[in-house]
Amino acid sequence: MTVREPLDVDTLRELLLAPAGPLARLDVVAEAGSTNDDVVAGLRADPDAWPHGSLLVAEHQTAGHGRAGRTWTMPARSALACTFVAWPRSGPATYGWLPLLAGLGTVRALRATAGVPAVLKWPNDVLVDLGDGVEHVPGWGTARKVAGVLAQAVPDVPAVAVGIGVNVDQRTDELPVPWATSLALAGSRSADRASVLVALVSALDQVARRWTDHGGDAVAAGLVDEVASVCSTVGQHVRVELPGGAEIVGTATGLAEDGALVVSGADGATHRVLAGDVTHVRVTDATGP
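Attention in this report is confined to the structure presented alongside it. On a predicted model such as this, the values are computed, not experimentally measured, just so you know.

## What to know about the side chain of serine 188
- Along the polypeptide, serine 188 turns up in the loop between strand S9 (160-167) and helix H4 (193-213).
- The exposure class assigned to serine 188 is buried, which follows from its relative accessible area of 17%.
- Apart from the residues lying within four places of it in its own chain, the contact partners of serine 188 are Ala114, Val116 and Leu183.

## Structural notes on the sheet that holds strand S10 (residues 237-241)
- Across the sheet, five strands lie side by side as S13-S12-S11-S10-S14; this open sheet has antiparallel pairing. Whereas interior strands pair on both sides, the edge strands pair on one side only; in this sheet they are strand S13 (270-273) and strand S14 (277-280). Each adjacent strand pair in this sheet contributes to an overall mean axis angle of 40°, direction not counted.
- Examined bridge by bridge, strand S12 (residues 261-265) and S13 share four bridges and lie antiparallel to one another. Bridge pairing in S13 links serine 264 to threonine 270.

## Some remarks on helix H5 (residues 223-230)
- Those residues of H5 not exposed but buried are Leu223, Val224, Val227 and Val230. The buried residues of H5 occupy one face: seen down the axis, they fall within an arc of 140°. Set apart from the buried face of H5 by more than 90 degrees, the exposed residues are Asp225 and Ser229.
- Of the surrounding elements, those touching the buried residues of H5 are helix H3 (97-113), strand S6 (118-121), H4 and strand S11 (247-255).

## Quick notes on H3
- The end-to-end C-alpha distance of H3, which contains 17 residues, comes to 24 Å, matching closely the 24 Å that a straight helix rising 1.5 Å per residue would cover.
- Counting buried residues in H3 gives 14 out of 17 residues, a clear majority hidden from the surface.

## Brief notes about the packing of H3 against H5
- Two elements in contact, H3 and H5, have axes whose closest approach is 10 Å; the angle formed by their N-to-C orientations is 60°. Taken together, H3 and H5 sit at an angle that is classed as oblique. Handedness of the crossing formed by H3 with H5: left-handed. Touching Trp97, Leu100, Leu101, Leu104, Val107, Arg108 and Arg111 of H3 are Leu223, Val224, Glu226, Val227 and Val230, all from H5.
- Taken together, the residues of the contact of H3 with H5 break down into nine nonpolar, no polar and three charged.

## Quick word on the sheet that holds strand S7 (residues 125-129)
- Across the sheet, which stays open at both edges, the seven strands sit in the order S1-S2-S5-S9-S8-S7-S6 with mixed pairing between neighbours. Each having just a single partner strand, strand S1 (25-29) and S6 make up the two edges of the open sheet. Along the sheet, successive strands turn relative to each other by an average axial angle of 20°, direction set aside.
- Across the face of the sheet, helix H2 (residues 35-45) comes into contact with strand S2 (54-58), strand S5 (79-86), strand S8 (143-153) and S9 while running at roughly 25° to S5.

## With respect to the layout of surface pockets
- One number sums up the size of the second largest pocket: a volume of about 560 Å³.
- Contributing to the lining of the second largest pocket are 25 residues, with His52, Ala86, Leu204, Asp205 and Ala208 lying nearest its centre.
- Where the lining of the second largest pocket is concerned, the elements lending two or more residues are S5, H3, S9 and H4.
- Classifying every residue of the lining of the second largest pocket gives 17 nonpolar, four polar and four charged.

## Some words on the pattern of salt bridges
- The tally for this structure, following the rule as stated, stands at 13 salt bridges.
- Beyond isolated ion pairs, a larger network of salt bridges with shared partners links Arg4, Asp169, Arg171, Asp173 and Glu174.

## Concerning the packing of aromatic side chains
- Across all of its chains, the model carries one aromatic pair by this definition.
- Plain terms: the ring middles of tryptophan 140 and tryptophan 179 are 5.8 Å apart, the flat faces sit at 5° to each other, and that makes the pair stacked. Note that tryptophan 140 is positioned in the loop between S7 and S8 and tryptophan 179 in the loop between S9 and H4, a separation of 39 residues in sequence.
- Residue class for tryptophan 140 comes out buried when judged on its relative accessible area of 18%.
- We classify tryptophan 179 as partly exposed; its relative accessible area is 31%.
- The ring centre of tryptophan 50 lies 3.6 Å from the NZ or CZ of arginine 25, which sits over that ring.

## Points about the pairing of S14
- Burial along S14 is one-sided: the face carrying Val278 and His280 is buried and the face carrying Asp277 and Thr279 is not.
- Relative to S14, S10 is paired through four bridges, and the arrangement is antiparallel. Bridging from a neighbouring strand, valine 238 pairs with histidine 280 of S14.

Rules behind the numbers
Residues numbered from 1 in each chain as written. Predicted model: local features only at pLDDT ≥ 70, side-chain atom pairs only at ≥ 80, totals over all residues. Heavy atoms only, no water. Helix = DSSP H or I, 4+ residues; strand = E, 2+ residues; numbered from the N terminus. Buried < 20%, exposed > 50% of the residue type's maximum accessible area, 1.4 Å probe, protein only. Contact = heavy atoms within 4.5 Å. Pairing = 2+ DSSP bridges. Axes fitted to C-alpha atoms, helices over the stretch in contact; angles between N-to-C directions. Arc of directions from axis to C-beta. Expected span 1.5 Å × (residues − 1). Parallel < 35°, antiparallel > 145°, perpendicular 65-115°, else oblique. Left-handed = near helix turned anticlockwise from the far one by under 90°. Nonpolar A, V, L, I, M, F, W, Y, C, P; charged D, E, K, R; others polar. 1 Å grid on protein atoms, 1.4 Å probe; cavity = no way out; pocket = protein on both sides within 12 Å on 5 of 7 lines; lining within 4 Å. Points joined across faces, edges and corners; volume = space filled by probe spheres on them. Salt bridge = Lys/Arg side-chain N within 4 Å of Asp/Glu carboxyl O. Phe/Tyr/Trp six-rings, centres within 6.5 Å; stacked < 30°, edge-to-face > 60°. Lys NZ or Arg CZ within 6 Å of the ring centre and 35° of its normal.

Below, the structure written as structure tokens:
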């Protein structure tokens, strides 16, 4: 039986709470349905209690969810399930960058701490390519999802809940879908949740400071190129399912100034995708054997 230790909350508070660290508030709970749901509810009930730089971490998340209502499950203490609170001064027009910037910070944290070749799949998945000898999964190839981001604006409150889930030491039989993996399965040099959390907070703080110092202008902050450099979607042949059911097939050529994915379509047109489900399509998948 796998024995998974709880997080050392006192040590995390010493490292991460101001003035030693960047956080204004840190709560670690034994269980939550969804950390995003709990933070959103908290912001609606008492916004002042959840200032910019607050963080909620759950040792066990029982009803986690991602984009389009997808679920995310985890055994207790096997993963990081957390939600950050951001109060962007730049306004809702810049909110589209939040999942991408959170993805950039997550990629950097996992590369530095776990030593895995993490990349960002636009707009909110973090992948690790497991390489030769691994079964190809349609739409994923040999890449597997190790982390995900979900940013939710809070109605009537100028704040955003930025949820991040990282699979840390799950076994294969504990993963919910065949395109998922964990840091341990991906060859991590460390599967310590506390180390990953500290690295994640630090990386996100560095990215967020640059973004806010430039008024939410990702171009001026130099972040567009940095996100693109870790985004495996750029350069890929993709299929994009748009809200409402329309579909775009083409090549992802880059990111726009507002974080939209730029796709050179098979129809010859250039498309800016602000929201949609992106599938990386191998040429053989698209054209047949």
